[in-house]
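Understanding the architecture of this molecule
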Amino acid sequence: MQNHSSKHCCAYCKAFKNNIGEWVTGALRTIQDLENDNNAWQELTGGDRSKLKNYFNVEFHPLLEDKNSLVLFLLPPPPLHLLLLGQGNKLWETLEKICIQRFGKNIQNNPLMKFAKKINVVKAPFHGKTFNGNEINKIFKKIHILEKHMGLPEDLMPIVSCIKDLRSLVKGVGGKKLNSNYSKLIDNYVASYSNLHQVFGVSKTPKFHVIEEHLKYYIDTTKKSLGFYSDSLIESMHQYLDKLMCKSNYHVKDVESEIHGVKLLKAIKHLNTYNLE
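A few points on the structure. (Residues numbered from 1 in each chain as written. Predicted model: local features only at pLDDT ≥ 70, side-chain atom pairs only at ≥ 80, totals over all residues. Heavy atoms only, no water.)

Overview of the overall build of the chain
The helix and strand tally for the chain stands at ten helices and two strands. Counting helices and strands in the order they occur from the N terminus, the chain gives β-β-α-α-α-α-α-α-α-α-α-α. Structurally, the chain occupies a C-alpha span of about 60 × 45 × 40 Å along its principal axes. Within the chain, the proportion of its 277 residues that are buried is 43%. Expressed as a percentage of contacts within the chain between residues at least 6 apart in sequence, the contacts between residues at least 24 apart total 61%. Accessible surface, the chain as shown: approximately 15,700 Å² in total, 53% of it carbon and sulfur. Across the chain, the 38 positively charged side chains and the 27 negatively charged ones have centroids separated by 9 Å. (Helix = DSSP H or I, 4+ residues; strand = E, 2+ residues; numbered from the N terminus. Buried < 20%, exposed > 50% of the residue type's maximum accessible area, 1.4 Å probe, protein only. Contact = heavy atoms within 4.5 Å. Areas by Shrake-Rupley, 256 points an atom, 1.4 Å probe, with all protein chains shown as cover. Lys, Arg positive; Asp, Glu negative; His and termini not counted. Charge placed at Lys NZ, Arg CZ, Asp CG, Glu CD.)

A short note on the packing of helix H5 (residues 133–149) against helix H6 (residues 157–173)
Relative to each other, H5 and H6 sit at 160 degrees, their axes nearing to 10 Å. Compared by their axis directions, H5 and H6 come out roughly antiparallel. Crossing of H5 over H6 shows left-handed handedness. Residue-level inspection shows Phe140, Ile143, Leu146 and Glu147 of H5 in contact with H6, the latter providing Met157, Val160, Ile163, Lys164, Leu166, Arg167 and Val170. Classifying every residue of the contact of H5 with H6 gives eight nonpolar, no polar and three charged. (Axes fitted to C-alpha atoms, helices over the stretch in contact; angles between N-to-C directions. Parallel < 35°, antiparallel > 145°, perpendicular 65-115°, else oblique. Left-handed = near helix turned anticlockwise from the far one by under 90°. Nonpolar A, V, L, I, M, F, W, Y, C, P; charged D, E, K, R; others polar.)

Topic: unusual backbone geometry
The phi torsion of most residues other than glycine is negative, and most of the peptide bonds are trans. At Asn57, a residue that is not glycine, the phi angle is positive and equals roughly 60 degrees. Following the sequence through the fold, Asn57 ends up in the loop between helix H1 (31–45) and helix H2 (71–74). Look at Asn120: it is not a glycine, yet its phi comes out positive at around 60 degrees. Tracing the backbone through its elements, the reader meets Asn120 in the loop between helix H4 (111–119) and H5.

Details of a nonpolar patch on the surface
Judged by side-chain polarity, Leu64, Leu74 and Leu75 come together as a nonpolar surface patch covering roughly 230 Å² of accessible area. Residue position: Leu64 is located in the loop between H1 and H2. Using a relative accessible area of 38% as the deciding quantity, one classes Leu64 as partly exposed. (Patch = residues over 30% accessible without salt bridge, like charges linked within 9 Å, V, L, I, M, F, W, Y side chains within 5 Å. Salt bridge = Lys/Arg side-chain N within 4 Å of Asp/Glu carboxyl O.)

Pasting the structure below:
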């Protein structure tokens with residue numbers, strides 16, 4: 001699959017966005033679908049990347065062999081990146097952009113910056129300077145301070161309400177214990193976010209599409225929360241490796257260069273030396 005900027009970027013289905021920013025539902029993908037679309041692209045275009053959108057943006061051959069299974073059930077939605085980091089940072093960035101436009105970057109004048117300083121949340125210095133999971137959880141816990149004590153204008157309260165709805169959704173479906181009222185939690189968040197789309201022009205991202213279109217179906221079918229297949233461990237190792245690569249000068253900007261492969265191999269060997277028994 002290609003990245004989120006491609007036309008058919010959902011790993012779970014063949015949906016796409018129309019010209020007014022709304023998602024048009026597509027058929028759910030199976031491993032066989034991925035294989036067929038990739039084979040057709042290779043055979044009919046000779047691997048012309050400019051034509052990938054005509055083959056549902058399946059650039060690579062699937063590694064999994066359970067051909068008749070839906071991708072949704074083989075690779076469940078990741079709670080950390082889908083909900084906590086993905087939606088949490090998206091909502092903060094939306095509010096942050098509006099507050100900077102209205103109040104500037106002076107902490108004394110900007111209610112959101114004042115709130116961030118008060119509760120001591122800091123963005124990570126990597127991956128686009130976004131909040132990590134612990135910081136998002138701190139925002140969830142202290143959101144009442146922003147709501148009642150920071151002087152945030154009333155017309156921005158729907159964004160705060162959406163953050164609170166996200167908090168409830170994360171708690172209800174993101175851990176190992178599934179809230180029996182999960183369907184309503186999903187509906188509440190989808191309605192809250194959709195309102196921001198209408199009022200503030202917040203884009204309906206691919207992650208939001210997964211929540212809106214696939215999350216309820218996944219839980220209805222499996223009867224499990226997302227916490228059973230958490231991506232938190234993967235993210236922890238990702239951050240650990242990233243810090244190691246920066247500290248030991250293994251990073252190479254040009255990923256196509258020969259030295260990139262050499263340094264990446266050294267980094268993996270370094271990581272394994274200290275962490276494998």
